[in-house]
Amino acid sequence: MSTNVLRTTGGASRSSEAESGGGWWVVRNERAVRIQTKAVTTAELLADREAVREAAASAESGTPVADLVALPPVTTPCRVVAQMVNYRSHAKDSGFTGDIPPTFFRKASGSVSGPHDKIIRPAHVKFLDYEVELGLVMGATLPVGTVVEEQDLPRYVAGLVLTNDVSARDVQLTKTQFYESKSYPTFTPTGPYLTLLEPGDFAHLLNLRLRLSINGVSRQDRTLADMIVRPAQALTLLARFQTLDSGDLLLTGTPGGTALKAPPKAAEKIAALLPPALKWKAFFKGQAKNPKYLRSGDLITATIATPDGHIDLGEQRTPVTDTP
(Lines give C-alpha, C1' and ligand atoms only; values in the text may rest on other atoms or scores of the structure.)
Protein backbone atom coordinates (compact mmCIF):
# COMPACT_ATOMS: atom_id res chain seq x y z
CA MET A 1 0.00 0.00 0.00
CA SER A 2 1.32 3.46 -0.89
CA THR A 3 2.47 5.86 1.84
CA ASN A 4 1.81 9.60 1.73
CA VAL A 5 4.62 11.78 3.04
CA LEU A 6 4.29 15.47 3.87
CA ARG A 7 7.14 17.98 4.13
CA THR A 8 6.52 20.98 6.36
CA THR A 9 7.96 24.34 7.17
CA GLY A 10 9.47 25.14 10.55
CA GLY A 11 7.99 27.44 13.17
CA ALA A 12 4.43 27.70 14.36
CA SER A 13 1.82 25.42 12.86
CA ARG A 14 -1.63 26.61 11.84
CA SER A 15 -2.76 25.68 15.34
CA SER A 16 -1.81 28.13 18.08
CA GLU A 17 -1.41 25.17 20.44
CA ALA A 18 1.52 23.50 18.73
CA GLU A 19 4.94 24.06 17.24
CA SER A 20 5.28 21.92 14.14
CA GLY A 21 8.99 22.31 13.38
CA GLY A 22 10.18 21.64 9.85
CA GLY A 23 10.45 18.05 8.75
CA TRP A 24 8.87 15.01 7.18
CA TRP A 25 5.62 13.33 8.22
CA VAL A 26 3.69 10.20 7.30
CA VAL A 27 0.03 11.02 6.70
CA ARG A 28 -2.60 8.62 8.06
CA ASN A 29 -6.10 9.79 7.20
CA GLU A 30 -6.45 13.28 8.76
CA ARG A 31 -3.40 13.05 11.03
CA ALA A 32 0.36 12.97 10.51
CA VAL A 33 3.18 11.28 12.42
CA ARG A 34 6.64 12.80 12.32
CA ILE A 35 9.34 10.73 10.63
CA GLN A 36 12.37 10.45 12.87
CA THR A 37 15.00 11.18 10.26
CA LYS A 38 17.89 13.57 9.71
CA ALA A 39 16.99 13.81 6.03
CA VAL A 40 16.87 17.32 4.61
CA THR A 41 16.52 16.56 0.91
CA THR A 42 14.09 14.26 -0.86
CA ALA A 43 16.97 12.02 -1.91
CA GLU A 44 18.09 11.70 1.71
CA LEU A 45 14.57 10.79 2.80
CA LEU A 46 14.33 8.13 0.11
CA ALA A 47 17.55 6.63 1.42
CA ASP A 48 15.95 6.37 4.89
CA ARG A 49 12.87 4.33 4.00
CA GLU A 50 13.12 2.40 7.27
CA ALA A 51 12.34 5.62 9.17
CA VAL A 52 9.31 6.14 6.94
CA ARG A 53 8.09 2.61 7.64
CA GLU A 54 8.54 3.08 11.38
CA ALA A 55 6.44 6.26 11.32
CA ALA A 56 3.76 4.54 9.25
CA ALA A 57 3.57 1.69 11.79
CA SER A 58 3.75 3.96 14.84
CA ALA A 59 1.04 3.88 17.50
CA GLU A 60 1.31 7.65 17.97
CA SER A 61 -1.91 9.60 17.48
CA GLY A 62 -0.01 12.26 15.54
CA THR A 63 -0.82 15.85 14.61
CA PRO A 64 -3.83 17.04 12.58
CA VAL A 65 -2.75 17.48 8.97
CA ALA A 66 -4.80 20.67 8.82
CA ASP A 67 -2.47 22.19 11.41
CA LEU A 68 0.63 21.71 9.26
CA VAL A 69 1.94 24.04 6.55
CA ALA A 70 3.02 21.99 3.53
CA LEU A 71 6.16 22.62 1.51
CA PRO A 72 6.80 21.01 -1.88
CA PRO A 73 7.82 17.41 -1.12
CA VAL A 74 10.45 17.54 -3.87
CA THR A 75 13.41 19.54 -2.61
CA THR A 76 15.53 21.72 -4.87
CA PRO A 77 17.92 22.00 -6.59
CA CYS A 78 17.09 18.93 -8.64
CA ARG A 79 16.52 18.04 -12.26
CA VAL A 80 13.00 18.78 -13.49
CA VAL A 81 12.29 17.20 -16.88
CA ALA A 82 8.92 17.20 -18.65
CA GLN A 83 7.24 15.39 -21.53
CA MET A 84 5.54 17.40 -24.26
CA VAL A 85 2.13 16.45 -25.75
CA ASN A 86 1.82 13.06 -24.05
CA TYR A 87 -1.96 12.59 -23.84
CA ARG A 88 -4.15 11.85 -26.85
CA SER A 89 -6.73 14.41 -25.75
CA HIS A 90 -4.04 17.11 -25.49
CA ALA A 91 -2.64 16.15 -28.90
CA LYS A 92 -6.11 16.60 -30.39
CA ASP A 93 -6.54 19.99 -28.70
CA SER A 94 -3.11 21.01 -30.02
CA GLY A 95 -3.95 20.11 -33.62
CA PHE A 96 -1.60 17.12 -33.93
CA THR A 97 -2.47 14.25 -36.23
CA GLY A 98 -0.66 10.98 -36.78
CA ASP A 99 2.28 9.83 -34.70
CA ILE A 100 3.81 12.33 -32.29
CA PRO A 101 7.55 11.98 -31.67
CA PRO A 102 8.33 11.72 -27.93
CA THR A 103 9.77 15.06 -26.81
CA PHE A 104 11.32 16.19 -23.53
CA PHE A 105 12.20 19.62 -22.18
CA ARG A 106 13.71 20.99 -18.98
CA LYS A 107 12.25 23.30 -16.35
CA ALA A 108 14.26 25.27 -13.81
CA SER A 109 13.88 23.69 -10.37
CA GLY A 110 13.52 27.23 -9.03
CA SER A 111 9.98 27.08 -10.44
CA VAL A 112 8.96 24.43 -7.87
CA SER A 113 6.57 25.84 -5.26
CA GLY A 114 4.25 24.56 -2.56
CA PRO A 115 0.81 22.99 -3.06
CA HIS A 116 -1.01 26.00 -1.65
CA ASP A 117 1.38 28.81 -2.63
CA LYS A 118 0.30 31.64 -4.90
CA ILE A 119 1.05 31.35 -8.61
CA ILE A 120 2.53 34.71 -9.56
CA ARG A 121 1.98 35.91 -13.11
CA PRO A 122 4.87 38.07 -14.39
CA ALA A 123 3.85 41.53 -15.56
CA HIS A 124 4.73 40.84 -19.22
CA VAL A 125 2.73 37.57 -19.40
CA LYS A 126 -0.80 37.94 -20.74
CA PHE A 127 -1.70 34.33 -21.53
CA LEU A 128 -1.08 32.17 -18.46
CA ASP A 129 -2.15 28.53 -18.73
CA TYR A 130 -2.43 25.48 -16.47
CA GLU A 131 -1.45 21.82 -17.00
CA VAL A 132 -2.17 19.24 -14.29
CA GLU A 133 0.52 16.54 -14.49
CA LEU A 134 1.65 13.39 -12.75
CA GLY A 135 5.23 13.67 -11.53
CA LEU A 136 7.53 10.67 -11.14
CA VAL A 137 10.07 11.06 -8.32
CA MET A 138 13.22 9.06 -8.91
CA GLY A 139 14.47 6.82 -6.12
CA ALA A 140 17.69 5.61 -7.75
CA THR A 141 20.13 6.74 -10.40
CA LEU A 142 18.99 6.10 -13.97
CA PRO A 143 22.23 5.95 -16.00
CA VAL A 144 22.42 6.84 -19.68
CA GLY A 145 21.71 3.73 -21.74
CA THR A 146 19.29 2.13 -19.27
CA VAL A 147 16.35 0.20 -20.71
CA VAL A 148 13.40 0.24 -18.32
CA GLU A 149 10.76 -2.46 -18.59
CA GLU A 150 7.44 -2.29 -16.75
CA GLN A 151 8.70 -4.64 -14.05
CA ASP A 152 11.73 -2.38 -13.53
CA LEU A 153 9.75 0.72 -12.53
CA PRO A 154 9.93 0.04 -8.75
CA ARG A 155 13.72 -0.08 -9.05
CA TYR A 156 13.93 3.50 -10.33
CA VAL A 157 10.70 5.32 -9.37
CA ALA A 158 10.22 5.83 -5.63
CA GLY A 159 6.97 7.75 -5.72
CA LEU A 160 4.54 10.15 -7.31
CA VAL A 161 3.60 13.81 -6.89
CA LEU A 162 0.82 16.03 -8.15
CA THR A 163 2.18 18.93 -10.22
CA ASN A 164 0.93 21.82 -12.35
CA ASP A 165 3.10 22.77 -15.33
CA VAL A 166 2.10 26.45 -15.42
CA SER A 167 2.92 28.00 -18.80
CA ALA A 168 3.32 31.50 -20.22
CA ARG A 169 1.91 30.80 -23.68
CA ASP A 170 2.87 34.15 -25.21
CA VAL A 171 6.51 33.43 -24.31
CA GLN A 172 6.35 29.77 -25.31
CA LEU A 173 4.83 30.28 -28.75
CA THR A 174 6.48 33.48 -29.96
CA LYS A 175 9.96 32.40 -28.85
CA THR A 176 9.43 28.63 -29.26
CA GLN A 177 10.95 28.68 -25.79
CA PHE A 178 9.70 26.03 -23.37
CA TYR A 179 12.42 26.55 -20.76
CA GLU A 180 11.69 30.22 -20.14
CA SER A 181 7.92 29.99 -20.51
CA LYS A 182 7.63 27.25 -17.88
CA SER A 183 10.43 28.19 -15.46
CA TYR A 184 9.31 31.38 -13.74
CA PRO A 185 9.15 31.15 -9.93
CA THR A 186 5.91 29.41 -8.75
CA PHE A 187 5.34 27.80 -12.19
CA THR A 188 5.60 24.21 -10.85
CA PRO A 189 3.30 23.81 -7.83
CA THR A 190 4.14 20.39 -6.36
CA GLY A 191 2.48 18.23 -3.73
CA PRO A 192 1.02 18.18 -1.17
CA TYR A 193 2.19 14.58 -0.80
CA LEU A 194 5.11 12.54 -1.95
CA THR A 195 3.32 9.24 -2.43
CA LEU A 196 5.82 6.45 -1.93
CA LEU A 197 4.94 3.29 -3.81
CA GLU A 198 5.35 -0.38 -3.04
CA PRO A 199 5.98 -2.69 -6.02
CA GLY A 200 2.34 -3.81 -6.14
CA ASP A 201 1.10 -0.21 -6.42
CA PHE A 202 2.48 0.23 -9.95
CA ALA A 203 -0.30 -1.96 -11.34
CA HIS A 204 -2.74 0.81 -10.41
CA LEU A 205 -1.05 3.65 -12.32
CA LEU A 206 -3.32 3.59 -15.37
CA ASN A 207 -6.33 4.07 -13.07
CA LEU A 208 -5.01 7.40 -11.80
CA ARG A 209 -7.39 10.21 -12.67
CA LEU A 210 -6.10 13.74 -13.21
CA ARG A 211 -8.54 16.55 -12.46
CA LEU A 212 -8.18 20.31 -12.51
CA SER A 213 -10.78 23.01 -12.02
CA ILE A 214 -10.71 26.81 -12.04
CA ASN A 215 -13.03 28.54 -9.57
CA GLY A 216 -14.96 25.27 -9.23
CA VAL A 217 -15.43 24.75 -13.00
CA SER A 218 -13.88 21.55 -14.38
CA ARG A 219 -11.24 22.07 -17.08
CA GLN A 220 -9.24 18.81 -17.17
CA ASP A 221 -10.41 15.28 -16.34
CA ARG A 222 -8.66 12.19 -17.75
CA THR A 223 -6.99 8.99 -16.58
CA LEU A 224 -3.50 7.75 -17.45
CA ALA A 225 -5.13 5.43 -19.98
CA ASP A 226 -5.10 8.52 -22.26
CA MET A 227 -1.30 8.71 -22.01
CA ILE A 228 0.74 8.14 -25.18
CA VAL A 229 4.24 7.34 -23.86
CA ARG A 230 3.91 5.61 -20.50
CA PRO A 231 6.46 5.81 -17.68
CA ALA A 232 8.69 2.82 -18.45
CA GLN A 233 9.02 3.78 -22.11
CA ALA A 234 9.49 7.45 -21.21
CA LEU A 235 12.37 6.64 -18.86
CA THR A 236 13.98 4.43 -21.52
CA LEU A 237 13.77 7.21 -24.11
CA LEU A 238 15.03 9.82 -21.68
CA ALA A 239 17.94 7.60 -20.65
CA ARG A 240 19.24 7.65 -24.21
CA PHE A 241 20.81 11.03 -23.38
CA GLN A 242 19.97 12.07 -19.79
CA THR A 243 20.99 10.72 -16.39
CA LEU A 244 18.48 11.07 -13.56
CA ASP A 245 19.32 10.76 -9.87
CA SER A 246 17.35 10.07 -6.72
CA GLY A 247 15.10 13.03 -5.94
CA ASP A 248 14.85 14.20 -9.57
CA LEU A 249 11.42 14.83 -11.06
CA LEU A 250 9.85 13.80 -14.39
CA LEU A 251 6.56 15.45 -15.36
CA THR A 252 4.66 13.10 -17.63
CA GLY A 253 2.43 15.43 -19.67
CA THR A 254 -1.05 16.87 -19.36
CA PRO A 255 -4.44 15.80 -20.72
CA GLY A 256 -6.69 17.93 -22.89
CA GLY A 257 -8.60 20.88 -21.51
CA THR A 258 -5.93 23.57 -21.25
CA ALA A 259 -6.80 27.13 -22.23
CA LEU A 260 -4.62 26.96 -25.35
CA LYS A 261 -6.24 25.28 -28.34
CA ALA A 262 -5.09 24.98 -31.93
CA PRO A 263 -6.85 27.37 -34.32
CA PRO A 264 -9.28 25.99 -36.91
CA LYS A 265 -7.57 24.52 -39.99
CA ALA A 266 -8.78 27.31 -42.28
CA ALA A 267 -7.39 29.99 -40.00
CA GLU A 268 -4.13 28.04 -39.68
CA LYS A 269 -3.69 27.92 -43.46
CA ILE A 270 -4.28 31.66 -43.78
CA ALA A 271 -1.89 32.41 -40.91
CA ALA A 272 0.82 30.35 -42.62
CA LEU A 273 0.86 32.93 -45.43
CA LEU A 274 1.58 35.81 -43.06
CA PRO A 275 4.97 37.05 -41.87
CA PRO A 276 5.74 35.72 -38.34
CA ALA A 277 5.09 39.05 -36.59
CA LEU A 278 1.68 39.43 -38.19
CA LYS A 279 0.85 35.75 -37.65
CA TRP A 280 1.42 35.94 -33.90
CA LYS A 281 -0.33 39.30 -33.64
CA ALA A 282 -3.42 37.80 -35.27
CA PHE A 283 -3.22 34.62 -33.19
CA PHE A 284 -3.03 36.40 -29.84
CA LYS A 285 -5.73 38.85 -30.86
CA GLY A 286 -7.98 35.82 -31.12
CA GLN A 287 -6.65 34.32 -27.89
CA ALA A 288 -7.49 37.54 -26.04
CA LYS A 289 -11.16 36.56 -26.41
CA ASN A 290 -10.52 33.21 -24.69
CA PRO A 291 -11.82 33.43 -21.10
CA LYS A 292 -10.01 30.27 -19.97
CA TYR A 293 -6.58 31.81 -19.43
CA LEU A 294 -5.65 32.40 -15.81
CA ARG A 295 -6.32 35.75 -14.21
CA SER A 296 -5.52 37.30 -10.87
CA GLY A 297 -8.04 36.06 -8.30
CA ASP A 298 -8.56 32.65 -9.91
CA LEU A 299 -8.29 29.58 -7.68
CA ILE A 300 -6.90 26.38 -9.20
CA THR A 301 -7.88 23.08 -7.59
CA ALA A 302 -6.12 19.91 -8.76
CA THR A 303 -6.17 16.26 -7.69
CA ILE A 304 -4.74 12.93 -8.85
CA ALA A 305 -6.11 9.70 -7.40
CA THR A 306 -7.44 6.27 -8.29
CA PRO A 307 -11.23 5.89 -7.98
CA ASP A 308 -10.85 3.38 -5.16
CA GLY A 309 -8.44 5.61 -3.19
CA HIS A 310 -5.64 3.05 -3.39
CA ILE A 311 -3.37 5.90 -4.53
CA ASP A 312 -4.27 9.49 -3.64
CA LEU A 313 -1.76 12.30 -4.18
CA GLY A 314 -3.83 14.87 -2.28
CA GLU A 315 -5.26 18.21 -3.38
CA GLN A 316 -3.62 21.40 -4.58
CA ARG A 317 -5.34 24.74 -4.07
CA THR A 318 -3.31 27.51 -5.64
CA PRO A 319 -4.56 31.09 -6.05
CA VAL A 320 -3.35 33.17 -8.99
CA THR A 321 -2.03 36.68 -8.47
CA ASP A 322 -0.16 39.28 -10.49
CA THR A 323 3.36 40.44 -9.78
CA PRO A 324 3.09 43.24 -7.18
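No experiment lies behind these values; they were computed from the predicted model shown.

Student: Provide a residue-level description of the overall build of the protein, including the pertinent values.
Tutor: A tally of helices and strands in the protein yields nine helices and 20 strands. Computed over the C-alpha atoms, the radius of gyration of the protein is 20 Å, within 12% of the 20 Å expected from 2.2 N^0.38 for a compact globule of 324 residues. The dimensions of the protein, computed from C-alpha atoms along their principal axes, are 70 × 45 × 35 Å. Within the protein, the fraction of its 324 residues that count as buried is 52%. The contacts in the protein between residues at least 6 apart in sequence include a share of 76% that link residues at least 24 apart. Looking at the protein, you have 36 positive and 33 negative side-chain charges, and the mean spots of the two groups are 10 Å apart.

Student: Can you tell me about unusual backbone geometry, naming the residues and giving the values?
Tutor: Glycine aside, the phi torsion of most residues is negative, and most peptide linkages are trans. Pro-77 follows Thr-76 through a cis peptide bond whose omega is 5°. Here Pro-77 lies in the loop between strand E5 (70–71) and strand E6 (80–84). Cis geometry marks the peptide bond from Gly-191 to Pro-192; its omega dihedral reads 20°. Looking at the element boundaries, Pro-192 is found in the loop between strand E14 (188–189) and strand E15 (193–196). A positive phi angle, near 45°, is found at Val-85, a position not held by glycine. Of note, Val-85 is situated in the loop between E6 and helix H3 (88–93). Taking relative accessible area as the criterion, Val-85 reaches 10% and is therefore assigned buried. Even without being glycine, Thr-176 reaches a positive phi, approximately 45°. Tracing the chain through its elements places Thr-176 in the loop between helix H5 (169–175) and helix H6 (178–181). Looking at Thr-176, the relative accessible area reads 67%, which means it is exposed.

Student: A description of the pairing of strand E12 (residues 157–164) should follow, citing residues and the corresponding values.
Tutor: Along any regular strand, the residues point their side chains to alternate faces of the sheet. With eight of its eight residues buried, E12 lies for the most part within the structure. Bridge count for strand E11 (residues 132–138) against E12 is seven bridges, and the pairing is antiparallel. If you follow Met-138 over to E12, its bridge partner there is Val-157. The pairing of E12 with E15 spans two bridges and is classified as antiparallel. Paired with Gly-159 across the bridge in E15 is Leu-196.

Student: An account of the sheet that holds strand E9 (residues 119–121) is needed here, citing residue identities and associated values.
Tutor: Spatially, the five strands line up as an open sheet ordered E9-E20-E19-E16-E17, and their pairing is mixed. With one partner strand each, in any of the chains shown, E9 and strand E17 (217–223) form the two edges of the open sheet. Geometrically, the sheet is characterised by an average inter-axis angle of 15° between neighbouring strands, direction not taken into account.

Student: Any details on the packing of aromatic side chains? Residues and values, ideally.
Tutor: A complete count under the given rule lists six aromatic pairs for this structure. Seen from their ring centres, Phe-104 and Phe-241 are 6.2 Å apart, and the 65° between their planes marks the pair as edge-to-face. On the criterion of sequence distance, the pair formed by Phe-104 in strand E7 (residues 103–107) and Phe-241 in the loop between helix H7 (231–238) and strand E18 (249–251) is long-range, its members being 137 residues apart. On the basis of relative accessibility, which here comes to 17%, the residue Phe-104 falls in the buried class. One aromatic cluster is present, built from ring pairs that chain together Phe-127, Phe-283, Phe-284 and Tyr-293.

Student: Go over the environment of Thr-258 with me, naming the residues and quoting the values.
Tutor: Along the chain, Thr-258 turns up in the loop between E18 and helix H8 (265–271). We classify Thr-258 as buried; its relative accessible area is 0%. Among all residues touching Thr-258, those that are not within four sequence positions of it are His-90, Asp-129, Tyr-130, Glu-131, Arg-169 and Gln-220. Reaching out from Thr-258, the side chain makes a polar contact with the backbone oxygen of Leu-260 at a distance of 3.2 Å.

Student: Give me the nonpolar core: which residues, what numbers.
Tutor: For soluble globular proteins, nonpolar side chains are generally found buried alongside one another. Residues Leu-160 and Leu-235 are the most contacted members of the largest nonpolar core, which totals 55 residues. Element by element, the count of residues in this core is highest for H7, at five residues. Within the second largest apolar cluster, 24 residues are counted, among which are Val-5, Leu-46, Ala-51 and Val-112.

Student: Lay out the pattern of salt bridges in plain terms, naming residues and giving numbers.
Tutor: The tally for this structure, following the rule as stated, stands at 16 salt bridges. Residue Arg-79 pairs with Asp-245 through a salt bridge whose shortest N-O separation is 2.9 Å. Residue Arg-79 is found in the loop between E5 and E6, and its partner Asp-245 is found in the loop between H7 and E18; the two are separated by 166 residues along the sequence. Residue classification places Arg-79 among the partly exposed residues on the basis of a relative accessible area of 24%. Taking the shortest distance from any N to any O, the salt bridge between Asp-221 and Arg-209 comes out at 2.6 Å. Of the two residues, Asp-221 sits in strand E17 while Arg-209 sits in strand E16 (residues 209–214), which places them twelve residues apart along the sequence. On the accessibility criterion, Asp-221 (28% relative accessible area) is partly exposed.

Here is what the cut-offs are and how they apply
Residues numbered from 1 in each chain as written. Predicted model: local features only at pLDDT ≥ 70, side-chain atom pairs only at ≥ 80, totals over all residues. Heavy atoms only, no water. Helix = DSSP H or I, 4+ residues; strand = E, 2+ residues; numbered from the N terminus. Rg over C-alpha atoms; globule rule 2.2 N^0.38 Å. Buried < 20%, exposed > 50% of the residue type's maximum accessible area, 1.4 Å probe, protein only. Contact = heavy atoms within 4.5 Å. Lys, Arg positive; Asp, Glu negative; His and termini not counted. Charge placed at Lys NZ, Arg CZ, Asp CG, Glu CD. Pairing = 2+ DSSP bridges. Axes fitted to C-alpha atoms, helices over the stretch in contact; angles between N-to-C directions. Phe/Tyr/Trp six-rings, centres within 6.5 Å; stacked < 30°, edge-to-face > 60°. Polar contact = N/O pair within 3.5 Å; in protein donor to acceptor, adjacent residues only side chain to side chain. Core = buried A, V, L, I, M, F, W, Y, C linked by side-chain atoms within 4.5 Å. Salt bridge = Lys/Arg side-chain N within 4 Å of Asp/Glu carboxyl O.

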